[in-house]
Amino acid sequence: MKRPKLKKASKRVSCAKRYKIQKKVREHNRKLRKEAKKKGVSKRVKKDPGVPSSAPFKEEVLREAEQRRLQIEEEKERKRQAKKDERAQKRKKEREAASKGTEPKAKKARQDENRKHSEKCTAPDKNSKQFLCGELNKVIDASDVVIEVLDARDPLGCRCPQLEEAVLQKGGTKKLLLVLNKIDLVPKENVQRWIQCLQREFPVVAFKASTHIRDKTVQAKKSRIVASNEVLDKSRGATCFGSSCLTELLTSYAANAENEAALRVGIVGFPNVGKSSLINSMKGILACNSGVKRGITKSMQEVHILKNVKLMDSPGVVASPSNPPASMALRSLQVEEGQENVLEAVRTLLKQCDKTQIMLQYNVPDFRNSLEFLTLFAKKRGYLQKGGVANTEQAATAFLDDWTGAKLSYYCKAAEKNSLPTYLSDTVVAEMQKGWDLTKLKMGNEETLRGIRFPNQASSISFISKGPTAGLLSVSDITEEKPGAAATAREAVQNDEPEQTAEEPNKTEELEKEKASLKKEPNKVQFQSVPIDINLSAATTDDAYDFNMDFK
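Residues numbered from 1 in each chain as written. Predicted model: local features only at pLDDT ≥ 70, side-chain atom pairs only at ≥ 80, totals over all residues. Heavy atoms only, no water.

> What's the story with the overall build of the chain in this structure? I'm lost.
The secondary structure content of the chain amounts to 21 helices and ten strands. Looking at the chain as a whole, 33% of its 552 residues qualify as buried. Look at the contacts in the chain between residues 6 or more apart in sequence, and 75% of them connect residues 24 or more apart. (Helix = DSSP H or I, 4+ residues; strand = E, 2+ residues; numbered from the N terminus. Buried < 20%, exposed > 50% of the residue type's maximum accessible area, 1.4 Å probe, protein only. Contact = heavy atoms within 4.5 Å.)

See below:
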């Protein structure tokens, strides 16, 4: 019944009518069930009993049934995907037809012209070695002072003789300065020895970059919470040491230079030594992108820290393939580019360390090889795959990040007596130290060392340095170094192989002959014959059990 003030009629009915309808429905359903029972039709699907255990070839039957089921599912999925692609193509054609009809002719012509122009003028690949070397040379040419950033954990390995020689050959008033970064990860005595060792060649600044620098926008948002910011600023990672000393040194040099233009300072070095972090620490904000991943900086970037001082960030020096494997694992971009496996890099690093120190540092039990270490390390950190299998790839990446990032404490012993390199002489050393306030530099380094909390030598890992790392500065060097890479790889393989005895060469010759015969006939399956010593006396004596030993 339709009520006067409402548009729709009410759906309410009397209880008697509702009960009557329900009764009729029940009777109808009962009638349908009776008819289905008479005909022998039932809705309940009978359960598949499966293949009985006594049936012959049960496994083959089950395997065939599973394959048939998978084939049906794949066919359904293929049809579904085909229909989906067909609908997408249809929509795309309709959209293109509609857009072509609405676009003016002038716009179409402009788009075609831009497309042709973009195809002709393709942008250079920023990941290529040629581009990185070109950007590095730009920084060296444009700078008045070149700062080579060294990782304090392996300062000698972070030095590039080709880079230092190129800076010295430029001539003029170009200066070279060494900055010893990440000194908070090395014992204090070791840092002092390295500063004394490196000061014989170039001026050295002790530095510890901040790793918690944020962008201006983030600082503005967080400025209301004063208490939490104070805690963050006083933490070990947020504090920066050596920034004031380096700034004063550059400012005094710029004032003595009597040049109207700003002093241009190029920051160079291998990947992950802390070039961008040094610039961010001196600027006080996040001016350059930095992180644990190697090769983040791809091109030259200028940052003004003062009116008369300008810093220039550069991409990392490309390591030459002729370097030892340990140097390549720490300072090359082969892992990021996919040229070298992460597991191989970890195996190379573990060879250069003491096993006991690695076990204490990572709190893992004794291991026989690198794969076993990564399995234990993955279980310790919780890097597990489906089924509780250890994810060794993720564990190897984390291990490598510890070594290249500002986390793990390891050190290399400084040489007590070191001779000058071939490209250096006493006159060049005196020329490089001229113009710097060395007394102020010494006082600044001492103040920096007093403020830092250094790790204990017992808790650090001793690492064997492989000496200076060769770098590439031009495209011609890259082409020349290609054959050397294969030679070093062969040498590394030969060094890794165990020593052979006098009897072993004959065995290896026999194995090579058998392998050659197998290669000639690849289609046929052949089994390698193994000599078996069947000696009855040995069998009886070896397997015999002495009952008097336990039962007396």
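Continuing now.
> Hey, could you run me through the environment of N341 in this one?
When you line up the elements, N341 lands in the loop between α12 (334-337) and α13 (342-351). Here N341 falls in the partly exposed class, since its relative accessible area comes to 39%. It is 9.2 Å that separates the C-alpha atoms of N341 and E393, two residues lying 52 residues apart in sequence.

> What's the story with the sheet that holds strand β5 (residues 301-304) in this structure? I'm lost.
Strands in a sheet are paired, the pairing made by backbone hydrogen bonds, and the direction either parallel or antiparallel. Taken together, the six strands give an open sheet; going across it, the order is β3-β2-β1-β4-β6-β5, and neighbouring strands pair in mixed fashion. Each having just a single partner strand, β3 (204-206) and β5 make up the two edges of the open sheet. Adjacent strand axes in the sheet meet at a mean angle of 25 degrees, parallel and antiparallel pairs treated alike. Examined bridge by bridge, β5 and strand β6 (residues 309-313) share four bridges and lie antiparallel to one another. Counted as the bridge partner of Q301 is D313 from β6. Across the face of the sheet, helix α5 (residues 161-169) comes into contact with β1 (145-151), β2 (175-181) and β4 (263-268) while running at roughly 165 degrees to β1. (Pairing = 2+ DSSP bridges. Axes fitted to C-alpha atoms, helices over the stretch in contact; angles between N-to-C directions.)

> For this particular structure, what's the right way to read the nonpolar core?
Inside soluble globular proteins, nonpolar side chains tend to come together where they are buried. In this structure, L180, L246, F373 and W403 are the most contacted members of the largest nonpolar core, which totals 99 residues. For L180, the contacting residues outside a window of four places in its chain are L150, A152, P155, V191, W194, I195, L198, V204, V205, A206 and F207. (Core = buried A, V, L, I, M, F, W, Y, C linked by side-chain atoms within 4.5 Å.)

> What's the story with the confidence of the model for the chain in this structure? I'm lost.
Regions with low pLDDT should not have their predicted coordinates read in detail. Residues with a pLDDT of 70 or more make up 75% of the chain, whose mean pLDDT is 78. Ranking the helices and strands of the chain by mean pLDDT puts helix α1 (residues 15-39) first, with 93, and helix α8 (residues 226-233) last, with 43. The model gives residues 479-508 a pLDDT under 50, and that stretch makes 13 contacts with residues more than four places away or in other chains. Here residues 518-530 is modelled with pLDDT under 50, and outside its nearest four sequence neighbours on either side it reaches four contacts, counting other chains as well. (pLDDT = per-residue confidence, 0-100.)

> Quick question: what am I supposed to make of unusual backbone geometry here?
Phi is mostly negative for residues that are not glycine, and the peptide bonds are mostly trans. With phi around 60 degrees, K182 is a residue other than glycine that occupies positive phi space. Among the secondary structure elements, K182 is positioned in the loop between β2 and α6 (188-198). Classification of K182 by relative accessible area gives buried; the value is 9%. The backbone of N272 shows a phi angle near 65 degrees, a positive value even though the residue is not glycine. Position of N272 among the secondary structure elements: in the loop between β4 and α10 (275-283). Using a relative accessible area of 15% as the deciding quantity, one classes N272 as buried.

> What is the right way to read the pairing of β4 from this model?
The buried fraction of β4 is high, at five of six residues. Bridging between β1 and β4 involves four bridges; their strand directions are parallel. By the bridge assignment for β4, E148 is matched with V268.

> Just to check I follow, could you spell out the pattern of salt bridges for this structure?
A side chain with one charge may pair with a side chain of the opposite charge, provided their charged atoms come close. Scanning the entire structure with this criterion turns up 20 salt bridges. Linking D402 and K407 is a salt bridge whose minimum nitrogen-to-oxygen distance equals 3.9 Å. The structure contains a network of salt bridges with shared partners spanning E66, R69 and E73. (Salt bridge = Lys/Arg side-chain N within 4 Å of Asp/Glu carboxyl O.)

> Would you explain the packing of aromatic side chains in this entry?
Within a pair of aromatic rings, the relevant descriptors are the distance that separates the centres and the angle that separates the planes. Taken as a whole and judged by the stated rule, the model has 13 aromatic pairs. Ring geometry for Y253 and W436: centres 4.5 Å apart, planes at 20 degrees, overall stacked. Taken together, the residues span a long stretch of sequence, with Y253 in helix α9 (residues 243-257) and W436 in the loop between α17 (426-433) and α18 (438-451) at a distance of 183 residues. Of the two residues, Y253 and W436, both sit in the buried class. Relative to F373, the ring of F367 lies with its centre 5.0 Å away and its plane at 50 degrees, an arrangement referred to as tilted. Each of the two residues, F367 as well as F373, counts as buried. Through successive ring pairs, a cluster of aromatic residues spans Y362, F367, F373, F377, Y383, F399, W403, Y410 and F463. The ring of F367 is capped by K355, whose NZ or CZ atom sits 5.5 Å from the centre of that ring. (Phe/Tyr/Trp six-rings, centres within 6.5 Å; stacked < 30°, edge-to-face > 60°. Lys NZ or Arg CZ within 6 Å of the ring centre and 35° of its normal.)

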